[in-house]
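# Examination of the molecular architecture
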Amino acid sequence: MNNNFTDNMTPPVEQKSYDKDLPKGEQAAHNTEVRKRIDDLLERKRLKELLDDSDDWDI
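Residues numbered from 1 in each chain as written. Predicted model: local features only at pLDDT ≥ 70, side-chain atom pairs only at ≥ 80, totals over all residues. Heavy atoms only, no water.

## Description of the overall build of the chain
A count of helical and extended segments in the chain gives two helices and zero strands. By residue count, 2% of the 59 residues in the chain fall in the buried class. (Helix = DSSP H or I, 4+ residues; strand = E, 2+ residues; numbered from the N terminus. Buried < 20%, exposed > 50% of the residue type's maximum accessible area, 1.4 Å probe, protein only.)

## Let's talk about the pattern of salt bridges
Inspection of every chain in the model, using the stated rule, returns three salt bridges. One salt bridge connects K48 with D52, and the closest N-O pair in it is separated by 2.7 Å. Of this pair, K48 and D52 both sit in helix α2 (residues 26–53), four residues apart, which is roughly one turn of that helix. (Salt bridge = Lys/Arg side-chain N within 4 Å of Asp/Glu carboxyl O.)

## Some details on a nonpolar patch on the surface
A surface patch of nonpolar side chains, amounting to about 250 Å² of accessible area, comprises V34, I38 and L42. Here I38 shows up in helix α2. In this structure I38 comes out as partly exposed when scored by relative accessible area, which is 44%. (Patch = residues over 30% accessible without salt bridge, like charges linked within 9 Å, V, L, I, M, F, W, Y side chains within 5 Å. Areas by Shrake-Rupley, 256 points an atom, 1.4 Å probe, with all protein chains shown as cover.)

So yeah, pure geometry; function would need other evidence.
And the structure:
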């Protein structure tokens, strides 16, 4: 008994391993530090803009 539905299905796609493309060791640690520094600077910029734009400082 043939089932046309299963005959027309494409074979499962093989999962690609992206782990081999990720940096390891010192490079991974360096990337983590750089990303943390960027996040810190963006947060400081956001907070500075909030303070500079506020009208609460009028006396």
